[in-house]
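Working through the structure, step by step
So the chains spell out like this:
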Amino acid sequence: MNTNVKKSLTSLVNSLALLFFIGFTACSNPQKLMFLNNGESYTTFEIENRYGNDILITSADTLGSVGFITEGKINWLKGTPEIKKNSENEYTYIWKGDYGRVILDTKESDKEILFNFKLADENVKPSAWIINTKAEPEEYFTGIFERVVDGPQDKSWAKGIKEGLNLRGQRIDVKLKPTVSAYAPFYISSGNYALFVKGTWPGVIDFCKEYEDIVQISFEGPQFSFSLMMDESPAELVKRHALETGPSFAPPKWAFGPWRWRDEHFNNDKYYDGTKVNSPYNSQITEEILLMAAYDIPCTAYWIDRPWGPGVRGFDDYEIDYNRLPNFEKMIKWLDSKNIKIMLWIGPFVMGKMADTAAARGYELESNIWRNARQALIDFTNEEACKWWGENGPAKLAKIGVKGFKLDRADGEKLLDSLNLFTSIGTSYRENYNDYPRQYVKATFDAVQPILGDDFILFPRAQYTGSARYGGMWAGDTGNPPEGLRSVIIGAQRCAVMGYPVWGSDAGGYPKNINRETTKRWLGFACFSPIMEVGPTNNRVFWDMNYEPSFDHELLAVWRFYTKLRMHLVDYIYDHAKIASETGMPIIRPLFLEYPEQKESWKDWTTYKFGNDILVSVVWEEGKTKKKIYLPKGEIWIDQWDKKEYEGGQYIEVETPDYKTPFFVRKGAQLQLPDLNELYKESVERTKIKFDLTELESKENWQLK
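Report on the accompanying structure. The shown structure was predicted, so the numbers you read here are calculated from the model rather than taken from an experiment. (Residues numbered from 1 in each chain as written. Predicted model: local features only at pLDDT ≥ 70, side-chain atom pairs only at ≥ 80, totals over all residues. Heavy atoms only, no water.)

Tallying secondary structure elements over the protein gives 15 helices and 38 strands in all. A compact globule built from 705 residues should have a C-alpha radius of gyration of about 27 Å, and the protein, at 27 Å, falls within 12% of that. Going through the 705 residues of the protein one by one, you find that 63% of them count as buried. At a minimum sequence separation of 6, the contacts of the protein that also span at least 24 residues come to 69%. Accessible surface, the protein: about 26500 Å² in total, of which carbon and sulfur atoms supply 46%. For the protein, the distance from the average position of its 86 positive side-chain charges to the average position of its 98 negative side-chain charges is 2 Å. (Helix = DSSP H or I, 4+ residues; strand = E, 2+ residues; numbered from the N terminus. Rg over C-alpha atoms; globule rule 2.2 N^0.38 Å. Buried < 20%, exposed > 50% of the residue type's maximum accessible area, 1.4 Å probe, protein only. Contact = heavy atoms within 4.5 Å. Areas by Shrake-Rupley, 256 points an atom, 1.4 Å probe, with all protein chains shown as cover. Lys, Arg positive; Asp, Glu negative; His and termini not counted. Charge placed at Lys NZ, Arg CZ, Asp CG, Glu CD.)

Here it is as structure tokens:
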């Protein structure tokens, strides 16, 4: 920090109730840093702020700057604190009042300051802490959670929804909710600063909803720790947070190819067209593998959702149901010969004999019960429980060749929320609530990594700070109206900001009845997502749908087209996953991360960067055949559908039939992509054929000995 600035700030603190300052660096454009002293007075001070908006700690008659809650009463800090200098970069501030003494410890580092509030009397434990900051008139905020809006998840894809990537005007409960459930107590501002709340206690953040110019931040817990960061750009803030809470897990290359999954698998005597099944493996998996190969639809991973084992939940004791999945271990080898990896669904609870063992050994948390079924929710704070669960669950499956796990639940469907129930390490269920998904994915990682090395992927739906170190991310059960696609376009970018770069959604959503046009659009979006997974499509495949045309040639062609295109992008995405792990820069990038000085980049969340060289613009609305797209200034962009070159810094309009996702490549990029129009034409012709499954079976050399 500039010496003169440091001296000025030190003298300024004596006239303020609280000093918030963040590594200010000298530049040629001084701005005012303003603090409001708890409704009593305010101070302005000329200071050289290199990075953006002033940060104003605010107050009103009924709204203080900093406060805490005891016995249901808000105690606002007032007056001038006593100041103790502990070192060059560490200070302690002490307020005295009717509430006793409040202590704030601060520690300054380059472009960041850490704050920790507590009461001196350890016998008095606040239930929550509050800080309020002033927002600039056009200030933009994003991060915090994956959903578009708070509340029941289907509100995020409600018809007519208007909210977008910007959180201004929303009030968010920072507490896990199923099933769209990625959270991080971290947000960035268009003023080039970020706030990150430490710990796992639930909280609420009001982004100018109650007061149009005030951000209200309240988190539970006896102490309150947070950091304020400032930097040259939003991208630098995102990168720093991602590395601090990560670095993110970088999966193997095969994980970036196209995946296929169903919600349920049945082993039938006949294939979809009435052909007799001769396969020694599950009939539906065999059918999909044979026909995907016949249509030349690439697949690098096949995910089997539950049920795959015995019991009412279909995974008792992590045993395979061989009636449903005959010759399972041999099937894994058969798929390996085709370079297809097997993934399985798992949950954070156990059933069957394992549930009895977990209960007897004290390995479980009290939990919500499902249909009176005996289950034990694992207490992942218990190291002995983690080891036992890992060895008898994920590790056992990894040893027979399973290379990936979809980690379901962990986000409130099972968890109880209580201040009077405690984990094995003594934390209350409430404090542990948000951290549970991180514990779950870590326990799974620790179980399978010694067996599989780096050759696996974990795909949990629930996320909280730190979970990205151990796996990717699945977007949960998203509805499939057009607004469902809209919600994941926003969710992917929010997750990128929060530090979850390896993200994917169910292409087509999680539907009761499939929306054909939305599914076509979603396949295009999935191609330009970090993870491309297709399913469950009503437990059906596009050659056997439960509507007319049952043989959905159009959807089949679009599926083939985008999976073929995806294979040309695997190396590119894999490289960017490593970049995300090494630097914190996400794979999907809202335009404002790279072009914050261009006001247009803050407006259009349907257009985003996909790595360094690709610009994607997704159509989500039904019946929309043209799209207006902003191309960022500073580059020449090449339309990959017609090869036209455009100078950045302008809007263009392109044709968008339902199979077409507009995307552009930065001129000079070293990407080798196919002719899109020829590939689509080829896909349309190839998928008109109805293959003979008996003939396809005859070409297989199934070795069961």
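Right, let's get into the sheet that holds strand 38 (residues 663–666). The strand order 31-32-33-38-35-36 describes an open sheet built from 6 strands, whose pairing is antiparallel. Of all strands in the sheet, those bounded by a partner on one side alone are strand 31 (588–590) and strand 36 (645–647). Each adjacent strand pair in this sheet contributes to an overall mean axis angle of 30 degrees, direction not counted. As defined by bridge partners, strand 31 adjoins strand 32 (residues 607–610) across 3 bridges and the pair is classed as antiparallel. Looking across to strand 32, one finds that Pro 590 is bridged to Tyr 608. Across the sheet, helix 10 (residues 482–498) lies against strand 31 and strand 32, angled at about 95 degrees from strand 31, the strand it touches most. (Pairing = 2+ DSSP bridges. Axes fitted to C-alpha atoms, helices over the stretch in contact; angles between N-to-C directions.)

Below, the discussion takes up the pairing of strand 38. When strand 33 (residues 614–617) meets strand 38, the two strands line up antiparallel, connected through 3 bridges. Residue pairing in the sheet places Leu 615 in a bridge with Phe 664 of strand 38. Bridge count for strand 35 (residues 636–639) against strand 38 is 3 bridges, and the pairing is antiparallel. Directly across from Trp 637, in strand 38, lies its bridge partner Arg 666.

Here we take up the sheet that holds strand 18 (residues 258–262). The parallel open sheet is built from 7 strands, whose spatial order is 25-24-20-19-18-30-29. Of all strands in the sheet, those bounded by a partner on one side alone are strand 25 (457–458) and strand 29 (506–507). One ladder, built from 4 bridges, connects strand 19 (residues 301–304) with strand 20 (residues 341–346); its direction is parallel. Bridge pairing in strand 20 links Ile 304 to Leu 344.

The relation between two aromatic rings is expressed through the spacing of the ring centres and the mutual angle of the planes. In the structure shown here, the tally under the stated rule is 57 aromatic pairs. For the pair Trp 259 and Phe 459, a centre-to-centre distance of 4.9 Å together with 70 degrees between the ring planes defines the contact as edge-to-face. Placement of the pair is Trp 259 in strand 18 and Phe 459 in the loop between strand 25 and strand 26 (462–463), with a sequence separation of 200 residues. Taken as a pair, Trp 259 and Phe 459 share a single burial class, namely buried. Counting every residue linked through ring pairs, the aromatic cluster contains Trp 308, Phe 315, Tyr 318, Trp 345, Phe 349, Phe 380, Trp 389, Tyr 436 and Tyr 440. (Phe/Tyr/Trp six-rings, centres within 6.5 Å; stacked < 30°, edge-to-face > 60°.)

Right, let's talk about the packing of helix 11 (residues 516–527) against helix 12 (residues 553–583) for a bit. Running from N to C, helix 11 and helix 12 cross one another at 5 degrees; their axes reach a closest spacing of 9 Å. Here helix 11 lies roughly parallel to helix 12, going by the angle between them. For the pair helix 11 and helix 12, the contacting residues are Arg 516, Thr 519, Lys 520, Leu 523, Gly 524, Ala 526 and Cys 527 in the first and Glu 554, Leu 555, Val 558, Trp 559, Tyr 562, Leu 565, Arg 566 and Leu 569 in the second. When the residues that make up the contact of helix 11 with helix 12 are grouped by side-chain class, the tally is 9 nonpolar, 2 polar and 4 charged. (Parallel < 35°, antiparallel > 145°, perpendicular 65-115°, else oblique. Nonpolar A, V, L, I, M, F, W, Y, C, P; charged D, E, K, R; others polar.)

Let's shift gears to the environment of Met 292. Assignment of secondary structure puts Met 292 in helix 3 (residues 283–294). Along the sequence, Met 292 and Pro 258 sit 34 residues apart, while their C-alpha atoms lie 11 Å from each other. Excluding its chain neighbours within four sequence positions, the residues that come into contact with Met 292 are Arg 260, Ile 297, Cys 299, Trp 543 and Trp 559.

This brings us to helix 11. With 12 residues, helix 11 extends 17 Å between its outermost C-alpha atoms, agreeing within 8% with the 16 Å of an ideal straight helix rising 1.5 Å per residue. Most of helix 11 is tucked away, with 10 of its 12 residues classed as buried. Of the residues making up helix 11, those classed as buried are Thr 518, Thr 519, Lys 520, Arg 521, Trp 522, Leu 523, Gly 524, Phe 525, Ala 526 and Cys 527. At its buried positions, helix 11 is contacted by helix 10, strand 28 (503–504), strand 29, strand 30 (532–534), helix 12 and strand 32. Structurally, the start of helix 11 carries an N-cap: the backbone nitrogen of Glu 517 is 3.3 Å from a side-chain oxygen of Asn 515. (Expected span 1.5 Å × (residues − 1). Polar contact = N/O pair within 3.5 Å; in protein donor to acceptor, adjacent residues only side chain to side chain.)

We now examine the pattern of salt bridges. Within this structure, the stated rule accounts for 48 salt bridges. Where Asp 356 meets Arg 374, a salt bridge forms, and the shortest distance between an N and an O atom there is 4.0 Å. You can see Asp 356 sitting in helix 5 (residues 353–361) and its partner Arg 374 sitting in the loop between strand 22 (364–365) and strand 23 (375–378), a full 18 residues away along the chain. You can call Arg 374 partly exposed: its relative accessible area is 38%. Residue Asp 408 pairs with Arg 409 through a salt bridge whose shortest N-O separation is 2.9 Å. Given the relative accessible area of 4%, Asp 408 is considered buried. (Salt bridge = Lys/Arg side-chain N within 4 Å of Asp/Glu carboxyl O.)

Here the focus is helix 5. Residues Met 354, Ala 355 and Ala 358 constitute the buried set of helix 5. Buried residues of helix 5, seen end-on, are gathered within an arc of 100 degrees and therefore sit on one face of the element. Exposed side chains of helix 5 directed beyond 90 degrees from the buried face belong to Lys 353 and Ala 360. Here the buried face of helix 5 lies against strand 21 (349–351), strand 22, strand 23 and helix 6 (383–392). (Arc of directions from axis to C-beta.)

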